[in-house]
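Reading the structure
Chain residues, written in single-letter form:
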Amino acid sequence: MNEKVLQFFDKQPEALPLYEKFEKRVEELVPDVEIKVQKTQISFYNRHMFSCVSFARVRKKKDCPKSYIVVTFGLDHKEESSRIDIVSEPYPHRWTHHILISEISEIDEEFMNWIKAAADFSGRK
C-alpha cells in the first residue's frame, strides 16, 4: 500500500478496506490508470480525471455511517439511481455523480459499470 494512501486514511482507517477494494476493481477495469493522492481526494486518471475518492459530505451527518468513502465520477448523461446521493451538471453534457459507499458489497457490478463508463467518457474527451 502506498504511503500517501495510508496518510490519507490516517484519520479514518476503518474506511481503508473500502478504498482498497475500489482501487483494485478500478485497476482491473481501466488499463494504465494513474492514481494521484492529494490532500482532500484520491484521483483516478486515464486521459483525464474520471473518478475520485474523498470524505465529502453528501448527506447530513446524522445520515452518514461511521465509516465510508465518497466516490465521485463523471458521465455524459445523468444516471438515475437511488444509490446516487448527489448529481450535478457543471458543464453541458457533463454530469458529476457522488455516491457514499459504506459496505464492500456496494462495490458491485452496477457501480463498477458506472466507473468504467466514466473512464470511457474521460478517454474520449
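Keep in mind that this is a model prediction, so the values were computed, not measured.

1. Re the nonpolar core
- Judged by nonpolar contacts, the single largest core of 29 residues is most densely connected at Phe-9, Phe-22, Val-26, Phe-44, Phe-50, Phe-111 and Ile-115.
- Listing elements by their share of this core, those giving two or more residues are helix 1 (3-8), helix 2 (16-29), strand 2 (41-45), strand 3 (49-54), strand 4 (69-75), strand 6 (94-101) and helix 3 (109-124).
- If one sorts the elements of this core by residue count, helix 3 sits on top with six residues.
- In contact with Phe-111, not counting residues within four places along its chain, are Phe-22, Val-71, Arg-83, Ile-99, Ile-101 and Glu-106.
- Cys-64, Tyr-68, Val-70 and Leu-100 belong to the second largest nonpolar core, which has five residues in total.

2. A short note on the sheet that holds strand 2
- Strand order across the open sheet formed by six strands is 1-2-3-4-6-5, with antiparallel pairing between neighbours. The open sheet has two edge strands, strand 1 (34-37) and strand 5 (86-91), and neither has a second partner. Averaged over all pairs of adjacent strands, the angle between strand axes in this sheet comes to 20°, irrespective of strand direction.
- Its contacts with the sheet put helix 2 on strand 1, strand 2, strand 3, strand 4 and strand 6, and the angle it makes with strand 2 is roughly 10°.
- Across the sheet, helix 3 is in contact with strand 3, strand 4 and strand 6; its angle to strand 4 comes to roughly 45°.

3. Comments concerning the packing of helix 2 against helix 3
- Running from N to C, helix 2 and helix 3 point in directions that differ by 55°, and their axes come no closer than 11 Å. It follows that helix 2 is oblique to helix 3 by the angle criterion. The crossing of helix 2 and helix 3 is right-handed. Listed contacts from helix 3 to Phe-22, Arg-25, Val-26 and Leu-29 of helix 2 are Glu-109, Phe-111, Met-112, Ile-115 and Lys-116.
- Per-class residue counts for the contact of helix 2 with helix 3 are six nonpolar, no polar and three charged.

4. Examining the pairing of strand 3
- Across the six residues that make up strand 3, a large majority, five, are buried.
- Pairing geometry for strand 2 and strand 3, over five bridges, is antiparallel. Paired with Ile-42 across the two strands is Val-53, which belongs to strand 3.
- Taken together, the four bridges between strand 3 and strand 4 define a ladder with antiparallel strand orientation. Looking at strand 4, one finds that Ser-51 is bridged to Phe-73.

Parameters at a glance
Residues numbered from 1 in each chain as written. Predicted model: local features only at pLDDT ≥ 70, side-chain atom pairs only at ≥ 80, totals over all residues. Heavy atoms only, no water. Core = buried A, V, L, I, M, F, W, Y, C linked by side-chain atoms within 4.5 Å. Buried < 20%, exposed > 50% of the residue type's maximum accessible area, 1.4 Å probe, protein only. Helix = DSSP H or I, 4+ residues; strand = E, 2+ residues; numbered from the N terminus. Contact = heavy atoms within 4.5 Å. Pairing = 2+ DSSP bridges. Axes fitted to C-alpha atoms, helices over the stretch in contact; angles between N-to-C directions. Parallel < 35°, antiparallel > 145°, perpendicular 65-115°, else oblique. Left-handed = near helix turned anticlockwise from the far one by under 90°. Nonpolar A, V, L, I, M, F, W, Y, C, P; charged D, E, K, R; others polar.

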